[in-house]
Structure formats: structure tokens, C-alpha cells
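Reading the structure
Each chain is listed here by its residues.
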Amino acid sequence: MCSSDLVFLVAVAAFVPRILHDVTLSEGHGKNESSKESMKQSLSLLKDLTAFKWMLGVSLSVMAAGAILEFGFFDVAKTTVESTGALQAIYAAVFCGVLMVGLAIQTWVSTPLMKRAGIAKALQILPVATLVASIVMVIAGATEQIAVAIVAIAIWRTPRSSIDFVGRQAAMATVPDNQRARLSNVINVVPVGLGFTLVAGPIGISRLLDNRWVAPVIAVALAMLAIVAGRKVLKTWDDTQLSYRLKRRKRLG
């Protein structure tokens with residue numbers, strides 16, 4: 001990043017919030033809050049919305065397992081592919097393939113599935129896919145076969161970028177506008193950062209034991225926790241939708 005880009009980004013961060021502070025579009029979304037107050041409100045909301053609390057558990061487990069799968073892919077791939085450029089090309093090809101399949105699923109599968117099965121059932125797909133992907137990655141780590149690792153990473157990434165993404169968006173659409181952003185950040189964004197931080201432990205254990213299947217075994221355990229939490233989401237979804245915390249505020253006239 002050049003210095004001019006840095007200056008521009010700092011200027012945007014400093015002045016845009018002040019410019020937009022009192023505009024019409026910002027009205028009606030509550031009082032100004034500090035980060036501490038916002039987090040307190042988010043935790044209070046999760047406490048009252050049981051299904052979303054379990055969604056957070058699903059996200060934490062799935063993202064941590066997914067981070068291990070990402071590591072497992074590169075760990076296996078480096079035993080076969082010597083060139084960095086070739087490894088990047090393989091990963092890019094896998095990513096593009098998953099993206100195209102995911103777009104096709106979003107276009108022709110996600111909406112009909114959501115209408116037929118409902119949001120809560122759609123959210124069960126990624127935890128199960130994560131379990132399957134983790135088991136496949138254990139095999140990839142034990143055999144050191146990059147083709148098997150590619151299958152594992154595809155099984156993990158495809159539902160995450162398609163059905164699960166649509167399901168989470170639909171779930172968040174049931175939350176009042178003034179609460180949606182903070183709850184989405186807690187459930188969808190925070191677990192990504194925590195997941196990629198916490199997996200340092202399993203990865204370190206795998207390195208210490210010099211076995212590429214050890215970390216994926218931990219991913220299997222995390223995926224099983226995600227499935228359990230997912231079942232709790234399904235069980236509590238209907239009752240949660242009746243909560244007074246999901247009552248939408250009146251729009252400004």
C-alpha cells in the first residue's frame with residue numbers, strides 16, 4: 001500500500017462518520033454507543049434469543065474446524081507440489097471451481113430448499129459437511145494425497161459459500177434492523193477471527209507429533225460439536241421467533 005492510499009483511508013475513517021452522523025439515513029437506529037456498550041447489548045440479545053446463541057456456537061465450531069481444513073490442505077499439498085506458483089494455481093483452481101458450484105447452488109437450489117425445509121434446517125447442512133470434510137482430510141493427512149485434500153476442502157467450502165450463506169442471511173433478516181448489524185458481527189464475523197486464532201493449538205500439536213492427520217482429527221471433534229449446536233438451533237428456532245426481542249420497530253414516517 002502506497003502512502004497516498006494510506007492517507008486517503010485515514011481521511012475516510014476520520015471524516016465520513018462525522019459527515020454522515022446526522023443525515024436522514026442514520027436516524028432511528030438508536031443512540032450512540034461505545035464498543036463496550038455495543039458488546040453488552042449484543043450479549044443481552046443473545047441471552048434472550050436462544051436459537052441465535054446456538055448459532056454462535058455453530059459458527060465458532062465450524063470456523064475453527066474450517067481453519068484446520070485450510071491448513072490441512074496446504075500441509076498435504078506441500079508434500080506433493082514443490083513450486084509455490086503451482087500450489088497457488090491449484091488453490092485458485094479449487095477456489096474458482098467451488099465458487100462456480102456455489103453460485104449454481106445459490107441460483108437453483110438454495111431458495112427452493114429454504115422454502116421447503118425452512119431456515120433452521122438449512123443451517124444444519126454446513127456442520128454435517130464440515131464433519132464429512134474433516135474425515136476426508138484425516139484420510140488426506142494419513143495418505144498425503146493432494147487429490148483427497150482437494151475433495152475435503154471442496155466439501156467444506158461449497159455449502160459455506162452457498163446454502164449456509166443464504167441461510168444465515170435469511171436468519172438475520174428476522175432480526176430488527178437496529179439490532180441486525182451487531183448480531184451479525186457477533187455470530188458471523190467474530191467466530192472467523194477466533195477460529196483462525198484458536199487453531200494454532202491443534203496445528204502446533206500436529207507439527208509437534210509430525211503427523212498430518214492429527215489436526216484434522218481435532219476438526220472432526222469440532223464438527224461434531226457444531227452438529228450438536230445445530231440441532232439446538234433447530235429445536236429452539238420456532239420459540240425464538242416468538243421472542244419480543246424480534247419485534248420490529250416502527251419505521252419513521
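Let us look at the structure shown here. (Residues numbered from 1 in each chain as written. Predicted model: local features only at pLDDT ≥ 70, side-chain atom pairs only at ≥ 80, totals over all residues. Heavy atoms only, no water.)

Attention shifts here to the nonpolar core. Ranked by internal contacts, the top residues of the largest apolar core, which has 43 residues, are Phe52, Met55, Trp156, Leu183, Ile187 and Trp237. Looking at this core element by element, the count peaks at ten residues for helix α3 (residues 50-80). Apart from residues no more than four positions distant in its own chain, Met55 is found in contact with Leu123, Arg168, Ala171, Met172, Ile187, Val233 and Trp237. (Core = buried A, V, L, I, M, F, W, Y, C linked by side-chain atoms within 4.5 Å. Buried < 20%, exposed > 50% of the residue type's maximum accessible area, 1.4 Å probe, protein only. Helix = DSSP H or I, 4+ residues; strand = E, 2+ residues; numbered from the N terminus. Contact = heavy atoms within 4.5 Å.)

Right, let's get into the environment of Lys232. The residue Lys232 is located in helix α11 (residues 214-240) in this model. A relative accessible area of 33% means that Lys232 is categorised as partly exposed. Counting along the chain gives 179 residues from Lys232 to Lys53, while the straight-line C-alpha distance between them is 9.5 Å.

Further remarks concern the pattern of salt bridges. Counting across every chain of the model gives eight salt bridges. For Lys78, the salt bridge goes to Asp75, with nearest N and O atoms at 3.8 Å. Of the two residues, Lys78 and Asp75 both sit in helix α3, three residues apart, roughly one turn of that helix. The class for Lys78 is partly exposed, based on a relative accessible area of 40%. Judged by its relative accessible area of 5%, Asp75 falls in the buried class. A salt bridge links Arg168 to Asp164; the nearest nitrogen and oxygen atoms lie 2.7 Å apart. Of this pair, Arg168 and Asp164 are both found in helix α8 (residues 163-172), four residues apart, which corresponds to roughly one turn of the helix. (Salt bridge = Lys/Arg side-chain N within 4 Å of Asp/Glu carboxyl O.)

Turning to empty space enclosed by the protein, a few remarks are in order. Here the structure, examined in full by the defined rule, presents one cavity of 30 Å³ or more. Of the volumes computed, that of the largest cavity is approximately 50 Å³. Every residue lining the largest cavity is listed: Met55, Val58, Ser59, Leu123, Gln124, Arg168, Gly230 and Val233. Going through the elements one at a time, α3 and α11 are the ones with two or more residues in the lining of the largest cavity. (1 Å grid on protein atoms, 1.4 Å probe; cavity = no way out; pocket = protein on both sides within 12 Å on 5 of 7 lines; lining within 4 Å. Points joined across faces, edges and corners; volume = space filled by probe spheres on them.)

What follows deals with the packing of aromatic side chains. When we look at a pair of aromatic rings, we describe it by the centre distance and by the angle of the planes. Under the definition given, this model contains four aromatic pairs. When the centroid spacing of 5.3 Å and the interplanar angle of 80° are considered together, the rings of Phe73 and Phe74 count as edge-to-face. Take Phe73: its relative accessible area is 0%, and that puts it in the buried class. With a centroid separation of 5.6 Å and an interplanar angle of 45°, the aromatic rings of Phe73 and Tyr91 are classed as tilted. With Phe73 in helix α3 and Tyr91 in helix α4 (residues 84-117), this pair connects stretches of sequence that are 18 residues apart. An aromatic cluster is built from Phe73, Phe74 and Tyr91, whose rings are joined through pairwise contacts. (Phe/Tyr/Trp six-rings, centres within 6.5 Å; stacked < 30°, edge-to-face > 60°.)

The next thing to look at is helix α6 (residues 125-143). Relative to the 27 Å expected for 19 residues at 1.5 Å per residue, α6 spans 27 Å between its end C-alpha atoms, a close match to the ideal helical length. Of all the positions in α6, only Leu126, Pro127, Ala129, Thr130, Leu131, Ala133, Ser134, Val136, Met137, Val138, Ala140 and Gly141 are classed as buried. Contact partners of the buried residues in α6: α3, α7 (146-160), α8 and α11. Positive backbone phi, at 55°, marks Glu144, one or two positions downstream of α6. (Expected span 1.5 Å × (residues − 1).)

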